[in-house]
Amino acid sequence: MSRVLLSGNAAIAWGARLAGVDYVPAFPITPQTEIIETLAGWIGSNELDARTVMFESEHSMLTAAGAAASTGVRVFTATSSQGLLYAMEMLYSVAGWRAPFVLVNVSRAVAAPVTLHSDHGDVLAARDSGFLQLHAATCQEALDLVLLGYRTAEHPDVRLPALVNLDGFLLSFTREPVELPDPELARRFVGAFEPGASAFRASRPVSQAVAVLGGGPYSYFRYEMHRASEHAGTVFADAAIELEAATGRANDAVECYRSDDAEVVFFLIGSLSTTAKDAVDRLRESGTRAGLVRPRLLRPFPTAALRSALHGRRAVAVVDQDLSIGSGGVLHAELAGALHGQAGAPLLASFIGGLGGRRVGVDELCSISGEALEAASAGRPPAPRLLYTEAELREVRKLQAIAHEERHR
Amino acid sequence: MSDADEPTRYRRMQDLPSTHLLGSGTSLCAGCGGLGAFRELYEVLGERTVVVNAAGCMSLLATHPFTPFRGSWLYSAMASAPAGAQGVRDALDILIAKRRIPADEDLDVVVLTGDGAASGMGLSATSAAIDRGLDFIYLCYDNEGYGNTGQQSSASTPHGARTATDRGPRGYPGVKKDLFALWVANRPAYAATIIAAEPVDLARKVEKAKRMKGPRLLLALAPCPPGWGFDPKDSIEIGRLAVRTGVWPLLEYADGRVVRTKHYEPRLPVERYLERQRRFAHLFEPRRDEQTLAAIQTAVDEACARVT
Ligand SMILES: Cc1ncc(C[n+]2csc(CCOP(=O)(O)OP(=O)(O)O)c2C)c(N)n1
Ligand code: SF4
């Protein structure tokens with residue numbers, strides 16, 4: 001095991017390399033490009049025995065990824081934002097093909113308006129596709145989740161593709177110390193890809209992704225996928241224990257930080273959890289029992305683990321880095337669903353933050369934890385609130401006014 | 001003698017294989033010219049194939065848990081069948097190169113697509129597969145519309161034809177997109193037009209394509225009884241008329257040249273083909289649309305003059 005300074009993108013590329021991928025279909029989009037370029041560099045210098053092919057779109061890239069995985073090679077690919085949305089039709093298709101591979105999404109807010117910065121609007125749009133969904137909070141985790149992604153996706157009782165998410169810019173281009181597992185250990189951990197009897201071979205004709213007539217067979221196949229996804233929770237948990245035994249790094253489906261005795265808990269995903277841990281520490285110093293509960297695994301949704309982690313807490317400040325237009329925060333709705341009807345469930349307060357790379361700071365988190373606690377005391381959940389300051393609004397208005405004046409001078 | 005120099009096995013009707021590789025009883029329409037072309041092609045290509053299909057009529061060939069195929073099948077999506085073919089091809093190459101499967105487990109990769117997908121939504125995926133020199137056979141059955149959804153006009157609909165979306169007195173105002181020329185302009189390994197009604201010509205072209213490597217187009221005109229408006233029993237007859245009037249010249253592109261593989265001289269007037277189909281009935285009734293008929297004939301004459 002060696003310790004090196006790596007960007008999130010480089011850590012992901014190392015994950016793919018250590019998993020021994022065979023095939024990397026690709027299409028460029030910021031901030032994902034560096035991953036593919038890194039892999040292409042290794043392929044060019046024969047450090048990685050794989051093939052990369054440039055496609056003309058993410059739609060095609062995902063089609064090829066699914067087709068190649070169905071034929072029996074280990075596939076890796078990556079995208080962001082508009083690319084993920086462009087490929088969305090095929091996300092649903094290849095998951096239905098039960099093609100196991102890893103797709104990394106370096107999350108970036110979706111147009112319009114167009115931006116390069118991160119939020120989770122892209123990746124959460126894929127949450128019902130049948131892909132398993134894993135969210136990294138650090139560069140180290142980005143690497144580990146790629147290895148865990150292959151282990152889980154390829155398991156004979158799962159056979160669903162896995163999507164590993166890391167936050168654009170915040171992780172993709174931030175360099176952190178990362179422990180690289182010993183290549184032998186990584187190989188043994190991920191294991192060889194056994195495509196099973198459904199791979200295309202001359203000696204063994206198979207039909208894949210055929211049409212069905214009517215709701216009977218359709219429901220059958222969709223429900224099979226659902227059960228496979230649920231089963232992936234167990235497979236992931238077992239694999240995480242094994243990885244922890246080998247490396248000392250825990251990757252449970254739900255991370256709990258100082259939450260056991262907490263009265264108020266932050267519930268959020270991705271790299272913002274690092275900031276949230278600082279806020280927890282700060283709140284604890286000032287006497288507030290705060291904690292963090294953060295799912296790494298979003299599909300399958302770790303309902304049981306979340307229920308038990310949040311049982312007996314007074315309030316939860318849910319911070320969504322996404323906005324379901326006309327509804328609100330996606331995580332908030334998911335958590336509310338999971339806790340519905342549970343005795344001793346905490347009050348949920350919904351905050352929308354971090355849209356398009358808008359920073360959420362420690363101070364802001366500390367203040368919303370207070371709001372969540374107050375609401376719990378009042379026994380009434382507050383209306384969902386966008387984290388946005390008067391100063392930010394004034395800044396936007398000021399620029400609009402300047403542009404208006406320029407135009408009409 | 002190498003495989004590629006082997007003389008053709010198919011000189012007469014009696015030479016054609018009749019192994020019935022493709023099972024019967026599928027849910028496609030009686031008299032489907034696309035299925036006819038595919039059936040003949042499959043006989044020559046054989047079962048060591050994986051057919052990657054784009055959404056269209058043929059997507060219903062395999063319906064769970066039944067399949068008419070002796071070989072393999074993958075339904076992909078409307079826009080990206082060539083990319084699916086790329087994924088399978090690359091994976092087989094990798095598996096063989098890494099000795100994870102023996103070379104005799106290899107398969108011919110075939111895209112099966114309608115004209116709508118081929119000339120519209122799937123065009124960029126097709127063009128990119130040609131750019132990458134993908135080793136595959138691309139069979140487009142051209143029923144000149146979006147057949148599966150009820151014969152709306154596609155970019156491949158001929159000028160003047162009535163479709164579900166062009167119901168006016170002049171039919172489809174556009175001009176049929178020349179998919180063959182689009183392919184040829186990109187210098188594929190091989191390209192040919194075929195039709196079920198000319199099975200010997202078809203078999204020879206498939207045989208030739210099978211021996212080659214790289215992107216290979218087989219473009220079949222597919223008379224479509226419900227979409228074009230004729231009796232299913234006349235499907236072959238309509239196909240013959242398409243060839244004999246010059247509406248569907250039988251072409252072949254290889255080594256930088258386009259040649260005609262079969263001549264019928266003198267050509268029949270185009271009207272003989274048009275008058276047999278309901279989609280062109282408005283050109284004859286209540287009165288003859290001389291202008292449109294002349295324009296269609298002229299376009300055919302010019303196209304025929306361009307190839308020898
Ligand atoms: C993305 C998408 N849009 C629309 C459809 C609906 N659709 C299914 S088949 C079809 C027609 C395809 O036409 P063509 O490629 O000419 O094949 P044909 O139906 O004539 O066999 C359409 C529009 C689809 N399957 N996918
Ligand atoms: S609609 Fe036309 S092309 Fe489609 S199956 Fe029927 S005859 Fe064939």
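Structure first, text after, so check above.
Fair warning: this is a prediction, and the values are worked out from it, not measured in the lab. (Residues numbered from 1 in each chain as written. Chains lettered and ligands numbered in written order. Predicted model: local features only at pLDDT ≥ 70, side-chain atom pairs only at ≥ 80, totals over all residues. Heavy atoms only, no water.)

Draft legend 1. View of the sheet that holds strand β15 (residues 347-352) of chain A. All names here are of chain A. Pairing is mixed in the open sheet, where 6 strands are placed in the order β10-β12-β11-β14-β15-β16. Of all the strands in the sheet, just β10 (254-257) and β16 (385-386) have a single pairing partner and so form its edges. For β15 and β16, the ladder comprises 2 bridges, and the chain directions are parallel. What sits directly across from I352, in β16, is L386. Where helix α10 (residues 272-285) meets the sheet, it contacts β10, β11 (264-267), β12 (290-295) and β14 (315-320), and its direction lies at approximately 160° from that of β12. (Pairing = 2+ DSSP bridges. Helix = DSSP H or I, 4+ residues; strand = E, 2+ residues; numbered from the N terminus. Contact = heavy atoms within 4.5 Å. Axes fitted to C-alpha atoms, helices over the stretch in contact; angles between N-to-C directions.)

Draft legend 2. View of the site of ligand 1. G116, A117, Y141, N143 and N148 of chain B are the nearest of the 17 residues found near ligand 1. Residues within reach of ligand 1 are spread across chains A and B. At a separation of 2.9 Å, an oxygen atom of ligand 1 approaches a polar backbone atom of G145 of chain B. One nitrogen or oxygen atom from the main chain of N148 of chain B is found 2.7 Å from an oxygen atom belonging to ligand 1. For ligand 1, the protein covers 76% of the area, taking 580 Å² as the surface of the free molecule. Considering each element in turn, the shell around ligand 1 owes the most residues, 3 residues, to helix α3 (residues 115-119) of chain B. Of the residues assigned to the shell around ligand 1, the class counts are 7 nonpolar, 8 polar and 2 charged. (Near = heavy atom within 4 Å. Polar contact = N/O pair within 3.5 Å; in protein donor to acceptor, adjacent residues only side chain to side chain. Areas by Shrake-Rupley, 256 points an atom, 1.4 Å probe, with all protein chains shown as cover. Nonpolar A, V, L, I, M, F, W, Y, C, P; charged D, E, K, R; others polar.)

Draft legend 3. The arrangement of the packing of aromatic side chains in detail. All names here are of chain A. Applying the stated criterion across every chain, the model contains 12 aromatic pairs over all chains. Ring centres of F101 and F131 lie 5.9 Å apart, and the angle between their planes is 90°; this geometry places the pair in the edge-to-face category. With F101 in the loop between α5 (88-96) and β5 (102-107) and F131 in the loop between α6 (121-124) and β6 (132-135), this pair connects stretches of sequence that are 30 residues apart. You can call F131 buried: its relative accessible area is 1%. (Phe/Tyr/Trp six-rings, centres within 6.5 Å; stacked < 30°, edge-to-face > 60°. Buried < 20%, exposed > 50% of the residue type's maximum accessible area, 1.4 Å probe, protein only.)

Draft legend 4. Spatial organisation of the interface of chain A and chain B. Each partner contributes to the interface: chain A provides 38 residues, whereas chain B provides 40 residues. When chain A packs against chain B, close to 3,000 Å² is buried across both sides, 63% of that on carbon and sulfur atoms. Applying the counting criterion to the chain A and chain B interface returns 5 salt bridges. The partner of K98 of chain B in a salt bridge is D22 of chain A, with the nearest N and O atoms 2.6 Å apart. Here chain A and chain B share 17 residue pairs in polar contact (both at pLDDT 80 or more) between them. At 7 residues, helix α3 (residues 58-71) of chain A tops the list of elements feeding residues into the side of chain A that touches chain B. Looking at the side of chain A that touches chain B residue by residue, the classes come out as 22 nonpolar, 9 polar and 7 charged. When strand β9 (residues 207-208) of chain A meets strand β2 (residues 72-75) of chain B, the two strands line up parallel, connected through 2 bridges. (Buried area = accessible area lost by both parts, 1.4 Å probe. Salt bridge = Lys/Arg side-chain N within 4 Å of Asp/Glu carboxyl O.)

Draft legend 5. Inspection of the side chain of R279 of chain B at higher detail. All names here are of chain B. Relative to the helices and strands, R279 resides in the loop between α9 (271-274) and α10 (290-306). A polar contact is formed between the side chain of R279 and the side chain of Y273, at a distance of 3.4 Å. Excluding its chain neighbours within four sequence positions, the residues that come into contact with R279 are E144, P158, G160, A161, R162, G227, W228 and Y273.

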